[in-house]
Every structure is written in C-alpha cells, then in structure tokens.
Amino acid sequence: MADPGCTATQQLSNTGGQLDNAISSIGLLLLVIAAFFLAAAMRRTYGWEGWVRPTRWTAVLITAFAVASVLTQEAGYAGLFERLVAATGAATLAVLAVGILRRTRGTS
C-alpha cells in the first residue's frame, strides 16, 4: 500500500496483493515458530544455554510487533510495526551470527 490512496481492499483485489499478504503472514508465523524451536535446541546445546531466554523474548517481541501491526492498521501505524518486525528479525540474525562466529573461531 505504498501508493497514495491505496487501501487494504485495493491491495487485496489482485493476485499479487493476495500472494503478498498470504506469504508475508506465513513467513512471519514461521519466523516466530522457528525462534521457539531454536530456543529449545539451544537449551540442549552446551554453551548456548544462556541464549535461551533472549531468544524466547525476541520471539515474543516479534509477535507483539506483528499483533500491533494488525491492531493499528486503521490508525496508520501498520508500516511502522512491520518495519520493527523486520529490524528485530535482522538484528537477531546478526547477533546470532556473531555468537556462532565467536564460538567457531577458536575451534578452527
């Protein structure tokens, strides 16, 4: 809905908009589920136990941003919360990558 005057109804009036909506929703759901699975795996992996709580809280935060996006859609804040979801997900992946690099650097 980046075009001026575009509404949610207009966005979903064609196949591209419907696919975007469905794939984005499924992707967000999978991201949150994956974070909880990751936390469970970290709990069982030596050296990663301390990352369990932050991983779970990050999943909760992403969920809260997604819910806020839906609830504030009419007020015009949906885009803000969608960007917060994306930024939180990207930052989480970056922090995880740094953690993996630190652990594997000494084993090479």
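The numbering scheme is per chain: residues are counted from 1 as the chain's sequence reads. Per-residue local features of the predicted model are confined to residues with pLDDT of at least 70, and side-chain atom pairs are confined, for both listing and counting, to 80 or more; whole-chain, interface and lining totals are unaffected and use all residues. Derived side-chain values reflect all non-hydrogen atoms in the structure, with water molecules and hydrogen atoms excluded from consideration.

Colleague: A description of the packing of aromatic side chains should follow, citing residues and the corresponding values.
Modeller: Between the rings of Phe, Tyr and Trp (Trp by its six-membered ring), a pair exists once the centres lie within 6.5 Å; its type follows the angle of the planes, with under 30 degrees stacked, over 60 edge-to-face, and the other angles tilted. On inspection of all chains with the given rule, the structure shows two aromatic pairs. Residue placement shows Arg103 over the ring face of Trp48; its charged tip is 4.2 Å from the ring centre. Two conditions define a charge sitting above a ring: the NZ of Lys or the CZ of Arg must be within 6 Å of the ring centre, and it must be within 35 degrees of the ring normal.

Colleague: Which residues make up the packing of helix α3 (residues 52–71) against helix α4 (residues 78–105), and what are the values?
Modeller: Axes here refer to lines fitted to C-alpha atoms; in helices the fit is confined to the stretch in contact. Angles between the N-to-C directions go from 0 to 180 degrees. Helix and strand assignments follow DSSP, with helices taken as H or I runs no shorter than four residues and strands as E runs no shorter than two, numbered in order from the N terminus. Packing of α3 against α4 leaves a shortest axis separation of 8 Å and a crossing angle of 165°. With respect to each other, α3 and α4 are oriented roughly antiparallel. In this structure, the crossing between α3 and α4 has a hand that is left-handed. Touching Thr58, Leu61, Ile62, Phe65, Ala66, Ala68 and Ser69 of α3 are Ala78, Phe81, Glu82, Leu84, Val85, Thr88, Gly89 and Thr92, all from α4. The residue inventory of the contact of α3 with α4, partitioned by class, reads nine nonpolar, five polar and one charged. Here the word oblique covers every angle except those under 35 degrees (roughly parallel), over 145 (roughly antiparallel) and from 65 to 115 (roughly perpendicular). Here a crossing is taken to be left-handed if its near helix is turned anticlockwise relative to the far helix by less than a right angle, and right-handed if that turn runs clockwise. By definition in these notes, contact holds between two residues if any of their heavy atoms fall within 4.5 Å. Residue type decides the class: Asp, Glu, Lys and Arg count as charged, Ala, Val, Leu, Ile, Met, Phe, Trp, Tyr, Cys and Pro as nonpolar, and the leftover types, Gly among them, as polar.

Colleague: Can you tell me about the packing of helix α2 (residues 15–43) against α3, naming the residues and giving the values?
Modeller: Interaxial distance between α2 and α3 falls to 8 Å at its minimum, and their mutual angle equals 165°. Between α2 and α3, the angle falls in the class roughly antiparallel. The two elements α2 and α3 cross, and the hand of that crossing is left-handed. Side by side, α2 and α3 meet where Leu28, Leu31, Val32, Ala35, Phe36, Leu38, Ala39, Met42 and Arg43 of the first sit next to Val52, Thr55, Arg56, Ala59, Val60, Ile62, Thr63 and Ala66 of the second. Looking at the contact of α2 with α3, its residues break down into 13 nonpolar, two polar and two charged.

The quantities given are spatial measurements derived from coordinates; they are silent on function.
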